[in-house]
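Next come the chains, spelled out residue by residue.
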Amino acid sequence: MRFSKMLIPTLREIPADAEAISHILMVRAGYVRQLAAGLYIYLPLGLSIMRKITRILRDEMDAIGAQEIALPALHPAEIWQETGRWSVIGEEMFRLKDRTGRDMCLGMTHEEIMTWLAQKEIRSYRDLPQVWYQIQTKLRDEARPKSGVLRTREFLMKDSYSFDADEEGLEKNYQLHADAYHKIFSRCGLNFYMVQSDPGMMGGAVSHEFMAPSPSGEDEIVLCDSCGYAANVELALSNPKKIERKDWAFEEVHTPEKRTVAEVSNFLKINPEYFLKSLLLISEKGPVLAVVRGDQEMHEKKMNRIIGAHRPAQKQEVKDVLGVEAGFIGPMNQKIRIVADISLQEGVYASGANKQHYHAKGIRPGKDFTAEWHDITIAKEGDLCAGCNAPIRIEKVIEIGNIFKLGTKYSVPLNAFYLDEKGQEIPLIMGSYGIGPARIAAAAIEQNHDKDGIIWPKSIAPFDVVILPLNMNDAKTVETAETLYNDLNGKGLDVLLDDRDERAGVKFKDADLIGIPVQIVIGEKNLKDGLVEIKDRKTKEIQKVKVEEIVEKL
RNA sequence: CGGGGCGUAGCGCAGUCUGGUUUAGCGCACCUGCCUUGGGCGCAGGGGGUCGGAGGUUCGAAUCCUCUCGCCCCGACCA
């Protein structure tokens, strides 16, 4: 491809509305343009990246026996009503009516439609297993699109679905996908982890996410370097730092105007980890008191799984429900539901005394109050691994893929059954597996860039090599460039020839920005000795090579 | 949806607080010519704006007021 014939609108300056590195670089280097919030146009370079990525996806999916099909993006509501998700999913689903007034929606995922197809076409155990996939556009009315291509309202997804006769078959397909995903992300040149995750609205029991470390990521994962434990913080287990057991007797202490853990901790000269932090929540079924250790934070999602939707109580509600001002509440003698963090079953603590301007010391969980014990805290740096007690790490990550064991969550409501050897109707056992190619691209940039621009992994770069003839007015330079361009193209390489009549500086800057892994620099001086330079974008190493040896050096 | 920020030329910005010497300006990009050719050259000339939109206040509005639309960030939410 000739640079002069290709739409590569590079920008000298950082776009005002971009903050994430991948976003800045994709826009600056001319890969994408934004149409509206969460809607992106892929320019030729951007599309090229997506093609390279989806080629790898198809390659590895085909390798595990998955079959590519294509489903509509526009769905009738009925199918979604049958699984219940029409009402479970809120505003995130684009809904519309057709001309006859029939409810429709735009596909945000395709479990329903794939299961519908399976219900139609799979009859017998002899048909199983089946794995179907597609690479198709998903539409979600995201509350907050962000970070460029990382969270958009319309995006490409490779989604596959497995149908098995039993759990054993599912386990096999799940494992095949996990392996394929490892290969895919490795081939794309990414650093990533496979971590335990929360199935969320997808349902099902087991799920894992593939996470690429990046400061622009929206998720956090817990990692244990010692035993290899890796999980999304949404469900990660960890033990708070051990503390010594105090032998305080129960007593009430006057703590005038001291309300927060920090204030009381300072006032009483007791470290925060010896406090019980009580938070009043208002759930749909009434007030709930959540109790965590003073140095810990409650995790909304973990709590959500236990008590359902809830919100923090307002100051007045605290007084109305518990009879004492916020700041002095404690779990003792409460009539309402109490959910306490599981780490608090042991020990002796201080807390609000349920009395204005008083706190209590020497509280013994189990004796002075009872509670439902659950893991409700956010794992944090410095906590100990729940498995092996080594200190854990937390990393920010981009979710680039996920795999779910769905079981019969969709097959039962949609009547997707097969007949086994005995002629019995058995629901199909399903799994679903997703990868976002745009997130792969963004993660690749996040993980591979420098101050000059993108440094693409070779496997997904839009071109293998860029030729930079530095002076287009020098006949020898141009001739050499053209010859090389033809030769390398002939070898099957994707070559970009910067044939613009621009100064050398402009070409260097653009080449670095765009991030093609190899640059061939053709300058007059070297050419007098029959040499050109091969420059590595990543290491910046330059080797001078005889013109006729270029092809074999690449 | 709550909080914050921002909309002025293709891009990045100043001007807005304190309305009028600004005919709305600067850098880059763009067009013409010359020059130059190894890291976003140099010189000269030039084109491009309903100041997001609507309404209002005023002799006078990019600037003040009201409404509205859009984008970004934090949070809530999130297959």
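Residues numbered from 1 in each chain as written. Chains lettered and ligands numbered in written order. Predicted model: local features only at pLDDT ≥ 70, side-chain atom pairs only at ≥ 80, totals over all residues. Heavy atoms only, no water.

### Describing the sheet that holds strand E17 (residues 310-312)
Strand order in the open sheet made by the 5 strands is E17-E15-E16-E18-E21, with mixed pairing throughout. Looking at which strands have only one partner, the edges of the open sheet turn out to be E17 and strand E21 (372-374). Averaged over all pairs of adjacent strands, the angle between strand axes in this sheet comes to 35°, irrespective of strand direction. Taken together, the 8 bridges between strand E15 (residues 276-283) and strand E16 (residues 286-293) define a ladder with antiparallel strand orientation. Note on E16: the bridge partner recorded for Lys 277 is Val 292. Across the sheet, helix H8 (residues 300-307) lies against E15, E16, E17, strand E18 (337-341) and E21, angled at about 140° from E18, the strand it touches most. (Pairing = 2+ DSSP bridges. Helix = DSSP H or I, 4+ residues; strand = E, 2+ residues; numbered from the N terminus. Axes fitted to C-alpha atoms, helices over the stretch in contact; angles between N-to-C directions. Contact = heavy atoms within 4.5 Å.)

### Here we look at the pairing of E15
With 7 of its 8 residues buried, E15 lies for the most part within the structure. Here E15 hands over to E16 after 2 residues, the two strands then running antiparallel side by side. Where E15 lies against E17, 3 bridges are found, and the strand directions are antiparallel. Along E17, the bridge assignment pairs Ser 283 with His 310. (Buried < 20%, exposed > 50% of the residue type's maximum accessible area, 1.4 Å probe, protein only.)

### Here's the deal with the packing of helix H1 (residues 21-28) against helix H10 (residues 437-447)
Packing of H1 against H10 brings their axes to within 8 Å, and their N-to-C directions diverge by 100°. The orientation of H1 with respect to H10, classified from their angle, is roughly perpendicular. In contact with Ile 21, Ser 22, Leu 25 and Met 26 of H1, H10 contributes Ala 441, Ala 442, Ile 445 and Glu 446. Here the contact of H1 with H10 is built from residues that sort into 6 nonpolar, 1 polar and 1 charged. (Parallel < 35°, antiparallel > 145°, perpendicular 65-115°, else oblique. Nonpolar A, V, L, I, M, F, W, Y, C, P; charged D, E, K, R; others polar.)

### Let's talk about the nonpolar core
In summary, soluble globular proteins display a tendency toward joint burial of nonpolar side chains. Membership of the largest hydrophobic core comes to 62 residues, with the highest contact counts inside it found for Tyr 31, Tyr 181, Ile 184, Phe 185, Ile 400 and Trp 456. Once residues lying within four places of it in the same chain are set aside, the contact partners of Phe 185 are Leu 190, Phe 192, Phe 210, Ile 400, Gly 401, Ile 435 and Ile 440. Among the nonpolar cores identified, the runner-up in size contains 25 residues, and Ala 77, Ile 89, Leu 128 and Leu 428 belong to it. (Core = buried A, V, L, I, M, F, W, Y, C linked by side-chain atoms within 4.5 Å.)

### Examining the pattern of salt bridges
Enumeration according to the criterion identifies 38 salt bridges in this entry. Here Arg 151 and Glu 142 are joined by a salt bridge, their closest N and O atoms 3.1 Å apart. Look at Arg 151 and you get partly exposed, because its relative accessible area is 23%. For Glu 142, a relative accessible area of 11% puts it in the buried group. (Salt bridge = Lys/Arg side-chain N within 4 Å of Asp/Glu carboxyl O.)

### Details of the sheet that holds strand E33 (residues 542-546)
Strand order across the open sheet formed by 5 strands is E30-E29-E31-E32-E33, with mixed pairing between neighbours. Each of the sheet's edge strands pairs with one partner strand only, and the pair in question is strand E30 (495-497) and E33. Neighbour to neighbour, the strand axes of the sheet diverge by 25° on average, direction disregarded. With 5 bridges joining them, strand E29 (residues 465-469) and strand E31 (residues 518-522) adopt parallel strand pairing. Bridge assignment links Leu 468 to a residue of E31, and that residue is Val 521. Along the sheet, helix H11 (residues 475-490) makes contact with E29, E30, E31 and strand E32 (531-536), crossing E29 at roughly 165°. Contacts between helix H12 (residues 504-514) and the sheet are confined to E29 and E31, with E29 contributing the most and set at about 170° to the helix.

### Considering the packing of aromatic side chains
Scanning the entire structure with this criterion turns up 10 aromatic pairs. Where Phe 185 meets Phe 210, the ring centres are 5.5 Å apart and the plane angle is 45°; that geometry is what we call tilted. Remark: Phe 210 occurs in strand E10 (residues 206-213) and Phe 185 occurs in helix H6 (residues 167-187); sequence separation between them is 25 residues. Accessibility classification places Phe 185 together with Phe 210 in one group, the buried group. Here the aromatic cluster, defined as three or more aromatic residues joined through ring pairs, consists of Tyr 181, Phe 185, Phe 192 and Phe 210. The side chain of Arg 95 reaches across the aromatic face of Trp 86, ending 4.6 Å from its centre. Lys 355 extends its terminal NZ or CZ atom over the ring of Tyr 358, reaching a point 4.7 Å from the ring centre. (Phe/Tyr/Trp six-rings, centres within 6.5 Å; stacked < 30°, edge-to-face > 60°. Lys NZ or Arg CZ within 6 Å of the ring centre and 35° of its normal.)

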